[in-house]
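Observations on the model geometry
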Amino acid sequence: MKADILPPLAATVHVKPSGWRFGLRLWLPLFLLWLLLLPLVVLALPFLFIAALVFGIRFWSTIRAVLALLAAFRGTRVEVMDPNSRVFVNLH
Amino acid sequence: MNDNRRQILDMLAQGKLTADEAERLITALERGGAGATAMSETDKVKYLRVLVDTVDPLEGPTKVNVRVPMRLLRAGVRLTGVIPTRAREEVNAALRKEGIEFDINNVTPQNLEELIEQLRDLSVDVDNEHTKVRVFCE
């Protein structure tokens, strides 16, 4: 699988709530989340397929578009800072 | 004169390209891209950046720094391509009801690429006493 079609595999999160002397620096392994979700998605696929037929949605195109959307989140970075607190999220 | 430039000028002379298109292609060529007809990956706009600096007299300064991959925009547009026709009509009707004359059928990957290409040199700066907003592509 090419790297640019993989969903974010990890997230770096820095949080320093107001009033805390030190913040939290977290590295979240998102790939574990995808691994946990994978069996559920596989189980749901037949139902989604039927729903797509009923509502006239192109099933495989939709699956591809949703995967592309997930993959596109890689590289997203959000940082909000004020004098007392800070939140930083980076999706790798 | 290299082959690519001559080819562009030939196409312009034959009327296959407009002057604007030829200019854009030559500019792309001068930027040192891999090809004149297709923009190279490194030339593509990769991120939309939004920077906000506010200074609240009571709470102090706040900074927001957001980097959104352009791929997200492209993927979103691809997702609109799978919306069923009936739903598209409903979306268009809802937009019209709100006074927005916009046809969602016109949101295509080709149109988006043109838009992103135009965004390349765009930078929006909004300044007022307490807030500074900057939106640009990189």
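Residues numbered from 1 in each chain as written. Chains lettered and ligands numbered in written order. Predicted model: local features only at pLDDT ≥ 70, side-chain atom pairs only at ≥ 80, totals over all residues.

**Details of the overall build of chain B**
Each helix and strand counted, chain B has five helices and four strands in total. Listing each helix as α and each strand as β along chain B from the N terminus yields α-α-β-β-α-α-α-β-β. Among the 138 residues that make up chain B, the fraction classed as buried is 7%. For chain B, long-range pairs separated by at least 24 residues make up 40% of all intrachain contacts whose partners lie at least 6 apart in sequence. (Helix = DSSP H or I, 4+ residues; strand = E, 2+ residues; numbered from the N terminus. Buried ≥ 20, exposed ≤ 12 C-beta atoms within 10 Å, placed from the backbone. Contact = placed C-beta atoms within 7 Å.)

**Some details on the pairing of strand 2 (residues 60-69) of chain B**
In this structure, strand 3 (residues 77-81) of chain A lies alongside strand 2 of chain B, joined through five bridges in antiparallel fashion. Opposite E79 of chain A, over in strand 2 of chain B, you have N65 of chain B as the bridge partner. Strand direction decides the pairing type here: strand 1 (residues 47-56) of chain B and strand 2 of chain B, joined by ten bridges, are antiparallel. In the strand pairing of strand 2 of chain B, Y47 of chain B is matched with P69 of chain B. Here strand 1 of chain B folds back onto strand 2 of chain B in antiparallel fashion, the turn holding three residues. (Pairing = 2+ DSSP bridges.)

**A word on the interface of chain A and chain B**
Taken together, the contact pairs 21 residues of chain A with 21 residues of chain B. Every element with two or more residues in the side of chain A that touches chain B is listed here: helix 2 (59-72) and strand 3 of chain A. Broken down by element, the residue count for the side of chain A that touches chain B peaks at six residues, all from helix 2 of chain A. Classifying every residue of the side of chain A that touches chain B by side-chain character gives eleven nonpolar, five polar and five charged. (Nonpolar A, V, L, I, M, F, W, Y, C, P; charged D, E, K, R; others polar.)

**Describing the pairing of strand 3 (residues 123-127) of chain B**
Sheet faces and side chains relate simply in a regular strand, where the side chains alternate between the two faces. Within strand 3 of chain B, only zero of the five residues are buried, which leaves it mostly out in the open. Two successive antiparallel strands, strand 3 of chain B and strand 4 (residues 131-137) of chain B, enclose a turn made up of three residues.

**Here's the deal with the confidence of the model for chain B**
Residues and elements named next belong to chain B. Counting all residues, the mean pLDDT for chain B is 81, and 89% of those residues have values of 70 or more. No element of chain B has a lower mean pLDDT than helix 2 (residues 19-30), at 75, and none a higher one than strand 2, at 93. As scored by the predictor, the complex reaches a pTM of 0.70 and an ipTM of 0.83. (pLDDT = per-residue confidence, 0-100.)

**Overview of the sheet that holds strand 2 (residues 24-28) of chain A**
Strand order in the open sheet formed by eight strands is 2(A)-1(A)-4(A)-3(A)-2(B)-1(B)-4(B)-3(B), with antiparallel pairing between adjacent strands. The open sheet terminates on both sides in strands that have one partner only, identified here as strand 2 of chain A together with strand 3 of chain B. Across this sheet, the average inter-strand angle for adjacent strands is 5°, counted without regard to direction. (Axes fitted to C-alpha atoms, helices over the stretch in contact; angles between N-to-C directions.)

**Regarding helix 3 (residues 70-80) of chain B**
Here helix 3 of chain B has its buried residues at M70, R71, L72, A75 and R78 of chain B. Where the residues of helix 3 of chain B are buried, they touch helix 2 of chain A together with strand 1, strand 2 and helix 5 (109-119) of chain B.

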